[in-house]
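Chain by chain, the residues run as shown.
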Amino acid sequence: MRISSSASRSLLLAGAFIGVLSYGAAAQTASPPAAAPAAAPALPPGSPLIGRPDNEAAQKLAPVAAPPIAAAPDKLPMDKLKVPAGFHLEVYAAGMPNARSLALGDKGTVFVGSRTVDKVYAIINKDGKREVKVIASGLYRPNGVAFKNGTLYIAELSKISKIDNIEDHLDNPPKPTVIYDNLPKDEAHGWKFIAIGPDNKLYIPVGQPGNNVLHDKDHGQIRRINLDGSGAEVVALGVRNSVGFDWNPQTKQLYFTDNGRDWLSEDVPNDELNRVTKVGEDFGAPYCYQGNIPDPEFGWGHSCSEFTPPVALMGPHAASLGMRFYTGKMFPASFKDQIIVARHGSWNRTHKFGGDVVVVHLNKDGTVKNIEPIVTGFLQDNKYVGRPVDVMQLKDGSMLISDDWNGAVYRLSYGKSKVAAQ
Amino acid sequence: MRAITKIMAAVAVGSLASSVQAAETIEQRAAACFGCHGEHGQSETAYTPSLGAQQSPYALIQLFMFREKLRTFEPMNDMTKSFTDDDLQKFADFVSRLPKPQPPTDVGDPARMQKGLALAQANHCNSCHNADFSGKENVPRLANQREDYLNKTLNEYKDNTRHGYDGTMADVMGSVSKEQIAALAYYISHYR
């Protein structure tokens, strides 16, 4: 009974998603897979091997680590990265090992977080030249950065800190001051993307502490705090590992990407693009994935209908991370208020998927029309030559794209204004 | 241990001075490594890893982490502090070309080997690290690594005093007991 009801629901959703996945045939599979074999005993909850089937193909897969050294500017894969006609991609800055999340200062400074090193970088525009500086170090997995009213906010694995008036102190920045540390310390999905919403609150994801695990009330969510660290409140539940979000400039609704679980199968579940329509909404993990696949282990006793389904499926194991609404005027009019998403690319798949930047086109009601690639080529012959992490719009309407594989930031522009000011 | 550290620091300082001199081959520069890590890929020094046939991408990550003090061990932090990115890559490639460490002459107690094998399978060590523990890419070779070093390292991952590059090993070791770690270290060091 269960299976037939979820199957009909999946058909229904598959219908709703027609056109969403206009490429990557494998990604279109929406039917529930056969139950995965029971996990071996003794695996700790954080283990990435939970749920791994015991076969040779699965044994060949392991999380991919970026090289520790930033690529030299002349070694960046610019000849391999492809953009549509009229667009132009250039190196904006290089030499930042493990460059991850991006934030923009009022005076044009670009702040860049990192995950496998201990640094936050600043790309400084000075006298018509760009220069990279380390503005904070000795931090623990400082993946997240956000900027508001002169203050830089930094998210480490388990704390949020800030540096006031950062752009006035780029040569000799003070140490960050902690504003909030009531956060779990798990390594698994512990690194954080952060952003400040239209409500002037700082949004913080707290991932589930493992691939596919039950957990306490402090995990698997996005919460928000006031900018002084007070007033913590949970905004979304059933969030496995979100590493990117932004607010619809029209509706002010929060949209977030969420990474689907590993080891269920090669082709499902897809990553999710979700929309929060009310505070406290539950998006299903670990009970239900991609809106229509009950988890073979934790789905028992639940139905996917208990949870809010995603507005788009972003591809299997694609690692859909940073995303921003495009509000600029440089790109063609069809980009206005659409979502640009960085897909870091899979490890848990024999034929890797993702490694690109896509634009998600929305309908007027905020649901998803379709998805189109915009920067491709990070994946060559099933190997990464780069991995996009975050996207961020500059004031001129061009988009920056960070690449943690090469420790670089690229600038995507359109039309005549091809080259950023040096 | 403190005495060893001092000696090693002295070696490190000596090697730094000489590394400044141009035109030294990587083999000449690596002589300083052999004092502790052994000349033929096999360490004879307590708590000091054998480097032979180590995966180059893994070795590069570790050398980078020593230079950046993301992994702290004073002699190695000193040894690498003036290394360029290119130096790190050269040393990583160099150790990957050394002969792999040999298993100990004793074949290991069958009951302990059996216990270790079962634990390695239950924890899927043989997945990322390969069935023969030869490792791949950023995942290190473990086969015939020194037992004391394996024991120490797995415990450090478990209590997160050794921060991995990406945190995977902290997650994996969280619920593995000290006794189980000892059994794994015995098995992997005696692996044939």
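For clarity, every value in this text was computed on a predicted model and none was experimentally measured. (Residues numbered from 1 in each chain as written. Chains lettered and ligands numbered in written order. Predicted model: local features only at pLDDT ≥ 70, side-chain atom pairs only at ≥ 80, totals over all residues. Heavy atoms only, no water.)

Caption draft 1: Quick peek at the state of the cysteines. Counting across every chain of the model gives 1 disulfide over all chains. Across the disulfide, C288 of chain A is cross-linked to C304 of chain A (sulfur-sulfur distance 2.1 Å). Between C288 of chain A and C304 of chain A, the disulfide has an S-S torsion of 105° and is therefore right-handed. Note that C288 of chain A is positioned in strand β18 (residues 288-289) and C304 of chain A in the loop between β19 (293-294) and β20 (312-316), a separation of 16 residues in sequence. Each member of the pair, C288 of chain A as well as C304 of chain A, is classed as buried. Not engaged in a disulfide, the cysteine C36 of chain B finds its nearest cysteine sulfur in C33 of chain B; these two sulfurs lie 9.0 Å apart. On the basis of relative accessible area, C36 of chain B is assigned to the buried category, the value being 13%. You can see C128 of chain B has no disulfide; the closest cysteine sulfur is in C125 of chain B, sitting 9.5 Å from it. Under the relative-accessibility criterion, C128 of chain B is labelled buried at 14%. (Disulfide = S-S within 2.5 Å. Helix = DSSP H or I, 4+ residues; strand = E, 2+ residues; numbered from the N terminus. Buried < 20%, exposed > 50% of the residue type's maximum accessible area, 1.4 Å probe, protein only.)

Caption draft 2: Spotlight on the packing of aromatic side chains. Residue and element names in this part refer to chain A. Scanning the model with the defined rule gives 21 aromatic pairs over all chains in all. Linked through ring pairs, F87, Y326, F331, F335 and Y414 together constitute an aromatic cluster. The ring of W191 has R115 sitting right over it, with the charged end atom 4.0 Å from the ring centre. One Lys or Arg, R130, reaches over the ring of Y92 and ends 4.1 Å from the middle of that ring. (Phe/Tyr/Trp six-rings, centres within 6.5 Å; stacked < 30°, edge-to-face > 60°. Lys NZ or Arg CZ within 6 Å of the ring centre and 35° of its normal.)

Caption draft 3: Fine view of the sheet that holds strand β13 (residues 233-237) of chain A. Taken together, the 5 strands give an open sheet; going across it, the order is β10-β11-β12-β13-β17 (chain A), and neighbouring strands pair in mixed fashion. Because the sheet does not close on itself, it has two edges, and the strands there are β10 (195-196) and β17 (281-282) of chain A. (Pairing = 2+ DSSP bridges.)

Caption draft 4: Structural detail: the pairing of β13 of chain A. Residue and element names in this part refer to chain A. Direction of pairing for strand β12 (residues 221-225) relative to β13: antiparallel, over a ladder of 4 bridges. The partner of I222 across the bridge, within β13, is A236. Direction of pairing for β13 relative to β17: parallel, over a ladder of 2 bridges. Looking across to β17, one finds that A236 is bridged to E281.

Caption draft 5: The sheet that holds strand β5 (residues 129-136) of chain A, seen in detail. Residue and element names in this part refer to chain A. Here we have 4 strands laid out as an open sheet, ordered β2-β3-β4-β5, and antiparallel in their pairing. In this open sheet, the two strands that pair with only one neighbour each are β2 (99-104) and β5. Neighbouring strand axes in the sheet, compared pairwise and without regard to direction, differ in orientation by 25° on average. (Axes fitted to C-alpha atoms, helices over the stretch in contact; angles between N-to-C directions.)

Caption draft 6: Structural detail: helix α10 (residues 178-189) of chain B. All names here are of chain B. The end-to-end C-alpha separation of α10 is 16 Å, in line with the 16 Å expected for 12 residues at 1.5 Å each. Along α10, the positions that sit buried rather than exposed are I181, A183, L184, A185, Y186, Y187, I188 and S189. Packed against the buried residues of α10 are α6 (110-122), α7 (125-128), α8 (147-158) and α9 (168-173). (Expected span 1.5 Å × (residues − 1). Contact = heavy atoms within 4.5 Å.)

Caption draft 7: Up close: the interface of chain B and chain A. Taken together, the 27 residues of chain B in the interface contact 32 residues of chain A. Across the chain B/chain A interface, buried area totals approximately 2,600 Å², and carbon plus sulfur atoms make up 59% of it. At the boundary of chain B and chain A, one finds 1 salt bridge. Across the pair E68 of chain B and K119 of chain A runs a salt bridge whose closest N-O atoms are separated by 3.2 Å. Between the two partners, chain B and chain A, sit 8 residue pairs in polar contact (both at pLDDT 80 or more). Residue assignment for the side of chain B that touches chain A shows that the elements contributing at least two residues are α3 (56-67), α5 (85-97), α7 and α9 of chain B. In terms of residues, the side of chain B that touches chain A owes the most to one element, α9 of chain B, which gives 4 residues. Split by residue class, the side of chain B that touches chain A holds 10 nonpolar, 12 polar and 5 charged. (Buried area = accessible area lost by both parts, 1.4 Å probe. Salt bridge = Lys/Arg side-chain N within 4 Å of Asp/Glu carboxyl O. Polar contact = N/O pair within 3.5 Å; in protein donor to acceptor, adjacent residues only side chain to side chain. Nonpolar A, V, L, I, M, F, W, Y, C, P; charged D, E, K, R; others polar.)

Coordinates in, geometry out; function isn't part of it.
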